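Inside the fold
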Amino acid sequence: MDEEWRVSLIACGQLASGKPVFADSVRDLLRSRAGEDVSVTARKKRVFLYAATADAAATAEGMAREVLAQQGLVAEIRLDRWDPSRRAWLPPSAAAAAELPSGQEHDPGHRRLRAAGTVVMGILGGLDGASL
């Protein structure tokens, strides 16, 4: 499975009362509810759900929130997307910005400035051919 998306449950395994719960227990609960398109792993106080698509990740995130609520568990939940160029997990907005089509600028101000320059050059080019 191509796992481009990750839902992270951080400091997972803490009851609202503060009593600790092991991440492996939370992982097992989530595995029993996750679909075939989501894999679930645990490490120390974190649980990760990996998915190939944004839709599958959003579904996994909703399911994780539901399971945590049912169990009275508290965790920070974060959705990230793998950015192969940076070789890092990034929030979806940062990953999308890194994937702009070639030739596009990250700063829209540069794009507007370049467009204005093209207009000015067109006007100047038209003046060169005009008779005075």
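Provided above is the structure to which this section pertains.
To keep things clear, this report deals only with the structure shown in the data block. For clarity, every value in this text was computed on a predicted model and none was experimentally measured. (Residues numbered from 1 in each chain as written. Predicted model: local features only at pLDDT ≥ 70, side-chain atom pairs only at ≥ 80, totals over all residues. Heavy atoms only, no water.)

**Section: the nonpolar core**
- Counting residues in hydrophobic clusters, the biggest one holds 21 residues, and the most contacted among them are Leu9, Leu30, Val38, Val40, Val47 and Leu49.
- For this core, the secondary structure elements donating two or more residues are β1 (5-15), α1 (23-33), β2 (38-43), β3 (46-51), α2 (54-71) and β4 (73-83).
- Here this core gets seven residues from one element, more than from any other, and that element is α2. (Core = buried A, V, L, I, M, F, W, Y, C linked by side-chain atoms within 4.5 Å. Buried < 20%, exposed > 50% of the residue type's maximum accessible area, 1.4 Å probe, protein only. Helix = DSSP H or I, 4+ residues; strand = E, 2+ residues; numbered from the N terminus.)

**Things to note about the pattern of salt bridges**
- Scanning all chains against the criterion turns up eight salt bridges.
- In this structure, Asp80 and Arg6 form a salt bridge, with 3.6 Å as the shortest nitrogen-oxygen distance. Of this pair, Asp80 sits in strand β4 while Arg6 sits in strand β1; the two residues are 74 residues apart in sequence, bridging distant segments of the chain. The residues Asp80 and Arg6 share a single accessibility class, namely buried.
- Notably, a salt bridge pairs Arg27 with Asp28, separated by 3.1 Å at the nearest N-O pair.
- Residue Asp28 is classed as partly exposed on the basis of its relative accessible area, which comes to 41%.
- Overlapping salt bridges, with partners in common, bring together Arg6, Arg78 and Asp80 in one network. (Salt bridge = Lys/Arg side-chain N within 4 Å of Asp/Glu carboxyl O.)

**A short note on the side chain of Ser8**
- Residue placement: Ser8 occurs in strand β1.
- Engagement of the side chain of Ser8 in a polar contact is seen with the side chain of Arg6, the distance being 3.3 Å.
- Excluding its chain neighbours within four sequence positions, the residues that come into contact with Ser8 are Val47, Phe48, Glu76, Ile77, Arg78 and Asp80. (Polar contact = N/O pair within 3.5 Å; in protein donor to acceptor, adjacent residues only side chain to side chain. Contact = heavy atoms within 4.5 Å.)

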